[in-house]
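For reference, the chains in residue letters:
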Amino acid sequence: QVQLVESGGGLGQAGESLRLSCAASGTIFRIVSMGWYRQAPGNQRELVATITRDGNTNYADSVKGRFAISANTARKMVYLQMNSRQPDDTALYYCNVKSLYSAYWGQGTQVTVTS
């Protein structure tokens, strides 16, 4: 059974940095990509950043230049370095892993940014 566990969320002020981590356990055949999504109250879940097993990254326009995603697919770990955070970054952040056969989600970690 595959489980994804996020950590590193919390409360902070605008401008501060924060690093999210996600650890996947269980057997995942052929990871294609790993990533982070977020959902703010009243909004739909949206992509934050993804990284393929080849290291290609994709970012939402709202976080480009501020956030950086990295991963170790062999260890099934993915990270999100959040710099220059803004109040609009407040959301529940979800880890996602896509394989050739399925997609997996974590339970989410809350990130709150105050002005």
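First, a word on what this report is: a plain description of the structure on this page.

Rules and cut-offs
Numbering of residues starts from 1 in every chain and runs along the sequence as written. Note on the predicted model: pLDDT of at least 70 is required for a residue's local features to be given, and 80 or more for side-chain atom pairs to be given and counted; whole-chain, interface and lining totals, by contrast, use all residues. The side-chain numbers reported here are obtained from all heavy atoms of the structure, hydrogens and water having been left aside. Only DSSP runs of H or I reaching four residues or more are called helices, and only runs of E reaching two or more are called strands; each is numbered from the N terminus. Distance and chemistry together define a polar contact, namely a pair of N or O atoms within 3.5 Å, with one atom able to donate a hydrogen and the other to accept it when in protein, and with adjacent residues in sequence counting only for side-chain atoms on both sides. Here, two residues are considered to be in contact whenever any of their heavy atoms come within 4.5 Å of each other. Residue burial is assigned from relative accessible area. The probe radius is 1.4 Å, only protein chains are included, and a residue is buried under 20% of its type maximum, exposed over 50%, and partly exposed in between. Whenever Lys or Arg places a side-chain nitrogen within 4 Å of a carboxyl oxygen from Asp or Glu, that contact is recorded as a salt bridge.

**Focus on the side chain of Asn 96**
Part 1 of the reasoning: As for its position among the elements, Asn 96 is in strand β9 (residues 91–99).
Part 2 of the reasoning: A distance of 3.3 Å separates a polar side-chain atom of Asn 96 from the backbone oxygen of Tyr 104.
Part 3 of the reasoning: In this view, Asn 96 contacts Leu 4, Ser 33, Met 34, Gly 35, Tyr 37, Ala 103, Tyr 104 and Trp 105; residues no more than four positions away in its chain are not counted.

**Observations regarding the side chain of Asp 89**
Part 1 of the reasoning: As for its placement among the helices and strands, Asp 89 is situated in the loop between β8 (77–82) and β9.
Part 2 of the reasoning: Taking the relative accessible area as the measure of exposure, Asp 89 reaches 1% and is therefore buried.

**A few points about the pattern of salt bridges**
Part 1 of the reasoning: All told, the structure shown has 4 salt bridges when counted by the stated rule.
Part 2 of the reasoning: Between Glu 46 and Arg 38 there is a salt bridge, with its nearest N and O atoms 2.8 Å apart.
Part 3 of the reasoning: For Asp 89, the salt bridge identified is with Arg 38, shortest N-O distance 3.0 Å. Separated by 51 residues along the polypeptide, Asp 89 in the loop between β8 and β9 and Arg 38 in strand β4 (residues 31–39) bring together distant segments of the chain.
Part 4 of the reasoning: One network of salt bridges, with partners in common, ties together Arg 38, Glu 46, Arg 66 and Asp 89.

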